[in-house]
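Report on the structure
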Amino acid sequence: MSVGDVVAIMRDAVQQVITLIGPVLGFALLVGLIVGIFQAVTSIQEQTLTFLPKLLVILLIIALLGGTMFTQLGEYTVALFRRIPDFAK
């Protein structure tokens with residue numbers, strides 16, 4: 001296994017993480033922004049107010065996209081395990 005192989009594996013792993021967690025973080029960021037604007041407009045400065053909406057949105061997104069995310073992660077894992085004999089050379 002060369003350094004190039006290790007770099008390629010790490011690059012693919014980071015790309016998978018970004019692809020899988022991107023929608024979840026994006027929606028959490030959007031909800032946080034909306035709640036922040038609501039807090040600024042209404043002068044409500046309760047720090048725990050953002051927690052529940054973010055949690056609910058994250059759970060909803062995982063419920064909606066969880067199957068796709070799991071399938072994509074499973075395919076990546078199977079592809080990685082299939083490459084193990086090539087690494088031994």
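Let me sum up the structure you'll find in this document. This structure is a prediction, so every number in the text was calculated from the model and none was measured.

What counts, and at which threshold
Per chain, the residues get numbers from 1 upward, laid out in the order the sequence is written. Residues qualify for local features only when their pLDDT is at least 70, as the model is predicted, and side-chain atom pairs are given and counted only at 80 or more; totals for whole chains, interfaces and linings, by contrast, use all residues. The basis for the side-chain values is all heavy atoms of the structure; hydrogens and waters are excluded. Only buried residues count toward a nonpolar core, which is a set of Ala, Val, Leu, Ile, Met, Phe, Trp, Tyr and Cys residues joined through side-chain atoms within 4.5 Å. Think of it in three bands: residues with accessible area under 20% of the maximum for their type are buried, residues over 50% are exposed, and the middle band is partly exposed, with areas taken using a 1.4 Å probe on protein chains only. Where helices and strands are cited, they refer to DSSP runs of H or I of at least four residues and of E of at least two residues respectively, numbered from the N terminus. For patch building, the residue pool is restricted to those with more than 30% relative accessible area and no salt bridge; the joining distance is 9 Å between like charges and 5 Å between nonpolar side chains (Val, Leu, Ile, Met, Phe, Trp, Tyr). Areas reported here follow the Shrake-Rupley algorithm with a probe of radius 1.4 Å; residue values treat only the protein chains shown as occluding. A pairing counts as a salt bridge when a side-chain nitrogen of Lys or Arg comes within 4 Å of a carboxyl oxygen of Asp or Glu. Across the chain, bend at a residue is computed as the angle between axes fitted to the seven residues ending at that point and the seven starting from it. In this description, contact between two residues means that some pair of their heavy atoms is separated by no more than 4.5 Å.

This next bit is on the nonpolar core. The biggest cluster of nonpolar side chains holds seven residues, and these are L20, V24, V31, V35, V57, I61 and M69. Those elements that place two or more of their residues in this core are helix 1 (3–42) and helix 2 (51–82). With four residues, helix 1 is the largest single contributor of residues to this core.

When you line up the elements, F51 lands in helix 2. A C-alpha to C-alpha distance of 8.6 Å links F51 and G32, two positions 19 residues apart in sequence.

Moving on: unusual backbone geometry. Of note, S43 is a non-glycine position whose phi angle comes to about 60°, a positive value. Inspection of the secondary structure assignment puts S43 in the loop between helix 1 and helix 2. Relative accessible area serves as the criterion here: at 58%, S43 is assigned to the exposed category.

Together, F27, L30, L33, I34, I37 and V41 make up an exposed nonpolar region whose accessible area comes to about 600 Å². With respect to the secondary-structure elements, L30 resides in helix 1. For L30, a relative accessible area of 43% corresponds to the partly exposed category.

Where helix 2 bends most, the angle comes to about 60°, and this point is L65. Residues of helix 2 that are buried include every one of V57, I61, M69 and Y76, and no others. The elements touched by buried residues of helix 2 are helix 1.

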